[in-house]
Amino acid sequence: MKISGHLSLKADVSVLTVKFSDIVGQQTAKKFLSQVMASAKIPHAYLFTGIPGVGKTSTAMAFAMSLNCKDKSSESDGCGRCTSCRQLLGGNHPDFITIRPEDQTIKIEQIKELNRSLGFAPMSGGYRVCVIHQADTMSEEAANSFLKTLEEPPPGNILILKVMEPLDLLPTIVSRCQKVPFRPLAIADIAQWLVNNKGIEKDTALLLAGISEGSLGRAIKMWEGDFLEKRRAWINRMETLPDLSKADALNMALECAEEDRKKGIDIPSSGEAGMVDMLSVWTNWFRDLLVLRVGGPTDLLVNTDFSESLQNIAESYNIKALIESVLLMNQVRADIRRMRNPILVMEHAIMGLRGLVTLSS
Ligand SMILES: [Zn+2]
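Since the structure is predicted, the reported quantities are computational estimates derived from the model, not experimental observations.

Asker: What should I look at first to understand the sheet that holds strand β1 (residues 45-49) in this one?
Answerer: One open sheet accounts for five strands, arranged β2-β3-β4-β1-β5; its pairing is parallel. Each end of this open sheet is capped by a strand with a single partner; those strands are β2 (96-99) and β5 (178-181). When the angles between neighbouring strand axes are averaged without regard to direction, this sheet yields 20°. Of the pairings in the sheet, the one linking β1 to strand β4 (residues 157-163) comprises five bridges and is parallel in character. What sits directly across from Ala 45, in β4, is Leu 159. Seen against the sheet, helix α4 (residues 108-118) touches β2, β3 (128-132) and β4 and runs at an angle of roughly 170° to β3.

Here's what the structure looks like:
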């Protein structure tokens, strides 16, 4: 079988581990898959749901490695040494294939090519595992063609679909898959991982973990990119907002919207922090103010390094305005994810916040 342009055998660079035992959290998913592996008949389709950076791809690889390991001693993990494990680790396993959107869509040609590949028996004699990233980006044609595959795939094939929300897929696709939800990770677990594996100082690790919203992948990208440098400037913007004229606030909105002009809006692959990160910082800023305003302890703060400044400001806001600020930020982030016009969204965000913080101070 020849693998051509649309399918890839390359290992995923964002994968941190290919062992179940090294994957942070996700006990339910790991337990479910180890039960699956112990069963007589292994189901052929899985739907991995959850935000990016919580271990879905690592788990798919751990599953593939374990299923195909020729020398398995542990119940769940592959040995890491046999031919199959080494091929998987090296990104050249003939039976591990991935599909990703091309120009933001998974096209019918990609699914047709997948269907052709699935028709051949797995080359290594084990299971062929195919991971479909951002499965919700399938075109209507592609989804319909894929549905037929899903109904009756040739034996020996395992399909893993990855999405944020099951609602983003055709219900007929969802109903044919085993659902495996991946939860956001605990802040303490992410922080501990960063301390142990990246040698990051505890306070910084806690800050990154708090802002990552449960995504280890995102916390790592923030650490490796320019997030920490930019964060200070973003917080300063929020500190000055109550004193800005309407015209200056509109200018600020325009500057903020420019932050993302060059790249996508999800986890930026360049490592450059953008609008999504900025909005997370502001959400946590208002959340921290709210914690202090209602008399919460400082160890609940995310922005611990700004605790003095936060304490000085918190008293000047009323609780209702702080709650509304957090709600507004959540709304704005949803709008950004839906690819709304970033300039309009930013104007809505900044002018809305300005209204709330000016009124209450
Ligand atoms: Zn092995």
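Asker: Can you help me understand the coordination of the zinc ion in this one?
Answerer: By definition of the ideal shapes, a tetrahedral metal site with four donors has angles of 109.5 degrees and an octahedral site with six donors has angles of 90 or 180 degrees. Protein ligation of the zinc ion involves Cys 69 (SG), Cys 79 (SG), Cys 82 (SG) and Cys 85 (SG), the donor distances falling in the range 2.3 to 2.4 Å. Each donor residue of the zinc ion belongs to the same chain, and together they define the spacing C-x9-C-x2-C-x2-C. In this pair, Cys 69 sits in the loop between α2 (56-68) and α3 (83-89) while Cys 82 sits in the loop between α2 and α3, placing the two residues 13 residues apart along the sequence. Note on Cys 82: relative accessible area 11%, which makes it buried.

Asker: What is the right way to look at the nonpolar core in this model?
Answerer: Most often, soluble globular proteins keep nonpolar side chains buried together rather than apart. Tyr 46, Phe 63, Leu 194, Trp 282, Phe 286, Met 346 and Ile 350 are the most contacted members of the largest nonpolar core, which totals 89 residues. Element by element, the count of residues in this core is highest for helix α12 (residues 275-293), at twelve residues. Beyond its immediate chain neighbours, meaning those up to four positions away, Phe 63 contacts Phe 20, Leu 33, Val 36, Met 37, Tyr 46, Ile 158 and Ile 160. Residues Leu 114, Ala 135, Met 138 and Ala 143 belong to the second largest nonpolar core, which totals 24 residues.

Asker: How do you make sense of the domain arrangement of the protein chain when you look at a structure like this?
Answerer: Interfaces are often sized by the amount of accessible area the parts lose when they come together. Segmenting the protein chain into domains produces domain 1 (20-181), domain 2 (186-224) and domain 3 (225-360). The gap between the C-alpha centroids of domain 1 and domain 3 is 37 Å.

Asker: Would you take a moment to explain α12 for this structure?
Answerer: The periodicity of an α-helix, 3.6 residues per turn, causes residues three or four positions apart to be oriented the same way. Taking 1.5 Å of rise per residue, the 19 residues of α12 would be expected to cover 27 Å, and the 27 Å separating its terminal C-alpha atoms lies within 8% of that figure. Of all 19 residues in α12, 17 are buried, a share of seventy percent or more. Once α12 ends, the next one or two residues include Gly 295, with phi positive near 85°.

Asker: Before we go on, may I ask you to explain unusual backbone geometry in this structure?
Answerer: Both trends apply: most residues other than glycine have a negative phi, and most peptide bonds are in trans. Phi at Gln 104 takes a positive value of approximately 70°, unusual for a residue other than glycine. Structurally, Gln 104 is set in the loop between β2 and α4. The phi angle at Gln 134 is positive, at roughly 45°, despite the residue not being glycine. The residue Gln 134 is located in the loop between β3 and α5 (140-151) in this model.

Quick notes on the rules
Residues numbered from 1 in each chain as written. Predicted model: local features only at pLDDT ≥ 70, side-chain atom pairs only at ≥ 80, totals over all residues. Heavy atoms only, no water. Pairing = 2+ DSSP bridges. Helix = DSSP H or I, 4+ residues; strand = E, 2+ residues; numbered from the N terminus. Axes fitted to C-alpha atoms, helices over the stretch in contact; angles between N-to-C directions. Contact = heavy atoms within 4.5 Å. Donors = N, O, S within 2.8 Å, 3.2 Å for Na, K, Ca; no water. Buried < 20%, exposed > 50% of the residue type's maximum accessible area, 1.4 Å probe, protein only. Core = buried A, V, L, I, M, F, W, Y, C linked by side-chain atoms within 4.5 Å. Domains from an automatic or database assignment. Expected span 1.5 Å × (residues − 1).

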